[in-house]
Amino acid sequence: MGKDRKHMRKLREKRIKSTQKQIDKHEGMIENEKPIKDTTQDYWKKEIEKKFSKQMEEDEEYLEEN
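Residues numbered from 1 in each chain as written. Predicted model: local features only at pLDDT ≥ 70, side-chain atom pairs only at ≥ 80, totals over all residues. Heavy atoms only, no water.

Colleague: In this structure, what is going on with the pattern of salt bridges? I would like to understand it.
Modeller: Any two side chains of opposite charge can pair, given that their charged atoms come close. Counting across every chain of the model gives three salt bridges. Among the salt bridges present, the one from R9 reaches E13, with a minimum N-O distance of 3.5 Å. Taken as a pair, R9 and E13 lie in helix α1 (residues 2-32) at a separation of four residues, close to a single helical turn. Where R12 meets D59, a salt bridge forms, and the shortest distance between an N and an O atom there is 3.0 Å. Residue R12 is found in helix α1, and its partner D59 is found in helix α2 (residues 41-65); the two are separated by 47 residues along the sequence. Accessibility assignment for this pair places R12 and D59 in one class, buried. (Salt bridge = Lys/Arg side-chain N within 4 Å of Asp/Glu carboxyl O. Helix = DSSP H or I, 4+ residues; strand = E, 2+ residues; numbered from the N terminus. Buried < 20%, exposed > 50% of the residue type's maximum accessible area, 1.4 Å probe, protein only.)

Colleague: Looking at this structure, I do not really get the nonpolar core. What am I missing?
Modeller: The nonpolar side chains of soluble globular proteins are, as a tendency, buried together. By size, the foremost hydrophobic cluster in this structure holds ten residues: I16, I23, M29, I30, W44, I48, F52, M56, Y62 and L63. Going through the elements one at a time, α1 and α2 are the ones with two or more residues in this core. Broken down by element, this core gets its largest block of residues, six residues, from α2. (Core = buried A, V, L, I, M, F, W, Y, C linked by side-chain atoms within 4.5 Å.)

Okay, here's the thing in structure tokens:
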């Protein structure tokens, strides 16, 4: 059982790093991209909040508990 927890911890740590990279990428798009149809700045902000922030919070909570 300890091996599974250790593996899950590593996976979550990696996912937090990759999620942060995605957030940074999206924030860069907000600053640099010109809005085209459905890819407005509000769209990128929603994507960050809806997908990435929530996932990071869940992973961080898991790491704190274990």
